[in-house]
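Reading the structure
Below, each chain spelled out in residue letters.
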Amino acid sequence: YVKAENPNYVTRYAEASITITPKAVTVKADDKSKVYGENDPTLTATVTGTLNEDPIAYTLSRESGEEVGTYTITPSGEATQGNYSVTYETGALTITQATPEEELAATSYNDVYDAQAHGISVSGTVTGDVVYYSFVGGEEATDWTTTAPTRTDVQTEEKVYVKAENPNYVTRYAEASITITPKAV
């Protein structure tokens, strides 16, 4: 309320109001990444729009899951905090494929004909691997099969290519051979 007085004038009155609305502030979850099997990185967010280093209270959580993929990071807190109107924007945690500690390996078979079926052996697989075999082309092969090849008759160093695929690990390759020499009679 305002009043103006002057001995030469009639006293006058007026009124007005002061309205201060909350300032818009955004809390945006920072994007993060990790390799499959590692611990989560520390979740952080970026706050924009505050003045005088005023604090904004919020918490961060992420969508559950540990497989390779993308998971939502969600900031949350009160919509109105002091002089601020706060909005929250999600971020993403990306889990990428890991490389197993042990390398994929294939061991060749090399022996004399004995009328039995023989094949290569594979080691270095991890849980969830699907192992494929091919006789042609190595990594570029298009005729992969999950049936492990065997040979009974005499073979002269027949190459067998192996690959292990897993959604949580990088694809790995190896090769070996099957050699069956003639039996002396």
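Described below are features of the structure shown in this document. All figures in this text were calculated on a predicted structure; none of them were measured in a lab.

Calculation notes
Residue indices follow the written sequence of each chain, beginning from 1 at its first position. A pLDDT threshold of at least 70 governs which residues receive local features in this predicted model, and a stricter bar of 80 or more applies before side-chain atom pairs are shown or counted, although totals over entire chains, interfaces and linings include all residues. Excluded from the side-chain calculations are hydrogens and water; all other atoms, namely the structure's heavy atoms, are used. The helix and strand labels rest on DSSP assignments: H or I over at least four residues marks a helix, E over at least two residues marks a strand, and numbering proceeds from the N terminus. The buried label applies to any residue whose accessible area, calculated with a 1.4 Å probe on protein chains only, is under 20% of its type's maximum; exposed applies above 50%, and partly exposed to all values in between. Throughout, a residue-residue contact means that at least one pair of heavy atoms, one from each residue, lies within 4.5 Å. As used in this structure description, the phrase polar contact means that two N or O atoms lie within 3.5 Å; if the pair is within protein, one of them must be able to donate a hydrogen and the other to accept it, and residues adjacent in sequence are counted only when both atoms belong to side chains.

This next bit is on the environment of Thr 152. Inspection of the secondary structure puts Thr 152 in the loop between β14 (130-134) and β15 (155-166). Judged by its relative accessible area of 30%, Thr 152 is partly exposed. Through-space distance from the C-alpha of Thr 152 to that of Lys 163 is 23 Å; in sequence the pair is 11 residues apart. Not counting residues within four places of it along the chain, the set of residues in contact with Thr 152 comprises Tyr 113, Ala 115, Gln 116, Ala 117 and Ile 180.

With that settled, the discussion passes to unusual backbone geometry. We note that Asn 52 has phi near 55°; this positive angle belongs to a residue other than glycine. Relative to the assigned elements, Asn 52 resides in the loop between β5 (45-48) and β6 (59-62).

Along the polypeptide, Thr 179 turns up in strand β16 (residues 169-181). The exposure class of Thr 179 is buried, given its relative accessible area of 13%. Within the local environment of Thr 179, its side chain forms a polar contact with the backbone nitrogen of Glu 157, the two atoms lying 3.2 Å apart. Every residue in contact with Thr 179, bar those within four places of it in the chain, is listed here: Tyr 109, Asn 110, Asp 111, Gln 155 and Glu 157.

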